[in-house]
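# Observations on the three-dimensional arrangement
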Amino acid sequence: AGGVVLGKSADKLFSLSGLFAVYKPKGPTSAGVLNLLKERLLAEAGVQTNGNKRNQVLKMGHGGTLDSAAAGVLVVGIGKGTKMLRTMLAGSKKYTAIGLLGKATDTLDATGKVTEEKPYDQITKGDLENVLQKFTGDIMQVPPLYSALKKDGERLSTLMKRGEAVEAKPARPVRVYSLSLQQFQPPLFTLDVECGGGFYVRSLVSDIGKELSTCATMQELTRTKHGPFTLEEHVLYEDKWTIDEIARSLEHCTSLLPGEPSHKKLKTEHPGETAVSCE
């Protein structure tokens, strides 16, 4: 860095490598949380960055966007760990979601405009539980229009906000490992969902509403687990966003991940085997 002598904490920061998890609160975007984390660490290390350069200075990425309105586990890769994030995207995730019966919104969550209202008082706990079976296993799901999915290189949500006509993406196969009703206090219902990559809990809540001949929108969403990282055990809250805490967390989390050497071996033996690669 242009003859700049880096201090001990900067040395330590740039030697960090692997995956760890942070808590994303409701409100900011996932990218916003990552940028704040980066700024904190670079400031602690005393590294001067001029505005946009900070991204090149420190290699960091996250393993799967959580909507602004959602909270919970956000997996972060640092150093060589950024190469392992692709594997995380496909990994299983657990969510707790609160749905609201009788209202639909354009974004399928509480941030959107109400587009429809329907009666829901006829719906019993039993009705809800019966419907959940239809959404368990390998199912087809149409992703929401307001999403990070892209059309011609632009996010659908950006196009929608500009008022452009956006066609729904075709339904695609997704996997639901488990789905259960935790609470039912009409109009609110709470679900626990474990699902694979590319799954939208907002779409699930909306589809459940339609299946019950009413409508529903997601009020709250918390990601409680992503791959081996859980909300209870592994996430670092904002007060722990320090170089030492992250170093400690990386050490602790390495044991959760499949061993590195085996990846290398498997790669050479089975060049076609992508499931275990961590690129």
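None of the values given here were measured: they were computed from a predicted structure. (Residues numbered from 1 in each chain as written. Predicted model: local features only at pLDDT ≥ 70, side-chain atom pairs only at ≥ 80, totals over all residues. Heavy atoms only, no water.)

Residues at a pLDDT of 70 or more form 88% of the chain, whose mean pLDDT is 88. This stretch, residues 261–279, has a pLDDT under 50; its non-local contacts, to residues over four places away or in other chains, come to 13 contacts. (pLDDT = per-residue confidence, 0-100. Contact = heavy atoms within 4.5 Å.)

Residues L128, V131 and L132 constitute the buried set of helix 5 (residues 125–132). Buried residues of helix 5 fall within an arc of 105 degrees about the axis and therefore sit on the same side. (Buried < 20%, exposed > 50% of the residue type's maximum accessible area, 1.4 Å probe, protein only. Helix = DSSP H or I, 4+ residues; strand = E, 2+ residues; numbered from the N terminus. Arc of directions from axis to C-beta.)

Feature annotation in UniProt places "domain: tRNA pseudouridylate synthase B C-terminal" (unreviewed entry) on residues 202–235, given in this structure's numbering. Helix makes up 29% of residues 202–235 and strand 41%, and the two end C-alpha atoms of the span are 23 Å apart. (UniProt positions renumbered as here; feature names shortened; annotations may be inferred.)

Two side chains of opposite charge can pair, provided their charged atoms sit close to one another. For the coordinates displayed, the defined rule picks out 10 salt bridges. Between R202 and D67 there is a salt bridge, with its nearest N and O atoms 2.9 Å apart. Of this pair, R202 sits in helix 7 (residues 201–211) while D67 sits in the loop between strand 2 (60–62) and strand 3 (71–78); the two residues are 135 residues apart in sequence, bridging distant segments of the chain. For D67, a relative accessible area of 25% gives the class partly exposed. In this structure, E154 and R162 form a salt bridge, with 2.9 Å as the shortest nitrogen-oxygen distance. Within the structure, one salt-bridge network assembled from shared partners comprises E154, R162 and E164. (Salt bridge = Lys/Arg side-chain N within 4 Å of Asp/Glu carboxyl O.)

A few words now on the environment of E44. Position of E44 relative to the elements: it lies in helix 2 (residues 30–44). Judged by its relative accessible area of 37%, E44 is partly exposed. Once the C-alpha coordinates of E44 and I243 are considered, the two residues, 199 residues apart in sequence, prove to be 7.7 Å apart. Once residues within four sequence positions are removed from consideration, E44 is found in contact with S9, W241, T242 and I243.

So, on to the nonpolar core. F189, L191, V193, F199, V201 and I208 are the most contacted members of the largest nonpolar core, which has 29 residues in total. Elements represented by at least two residues in this core include exactly strand 4 (93–101), helix 5, strand 10 (172–185), strand 11 (188–195), helix 7 and strand 12 (216–226). The leading source of residues in this core is strand 10, at 5 residues. Apart from residues no more than four positions distant in its own chain, V193 is found in contact with K93, K94, Y95, V176, S178, L179, F199, V201 and L204. Among the nonpolar cores identified, the runner-up in size contains 23 residues, and L42, M60, I78 and I243 belong to it. (Core = buried A, V, L, I, M, F, W, Y, C linked by side-chain atoms within 4.5 Å.)

Moving on to the packing of helix 1 (residues 8–15) against helix 8 (residues 243–254). As a packed pair, helix 1 and helix 8 sit with axes 10 Å apart at the nearest point and diverge in direction by 35 degrees. Seen from above, helix 1 lies across helix 8 with left-handed handedness. Seen from helix 1, the contacting residues are S9, K12 and L13; seen from helix 8, they are I243, D244 and A247. (Axes fitted to C-alpha atoms, helices over the stretch in contact; angles between N-to-C directions. Left-handed = near helix turned anticlockwise from the far one by under 90°.)

Okay, helix 7 next. Counting along an α-helix, one turn takes 3.6 residues, and residues three or four places apart therefore face a common direction. Burial analysis of helix 7 places 8 of its 11 residues in the buried class, the great majority of the element. Each element contacted by the buried residues of helix 7 is listed here: strand 4, helix 5, strand 7 (137–141), strand 10, strand 11 and strand 12. After helix 7 finishes, the residue S213 shows a positive phi value of roughly 60 degrees.

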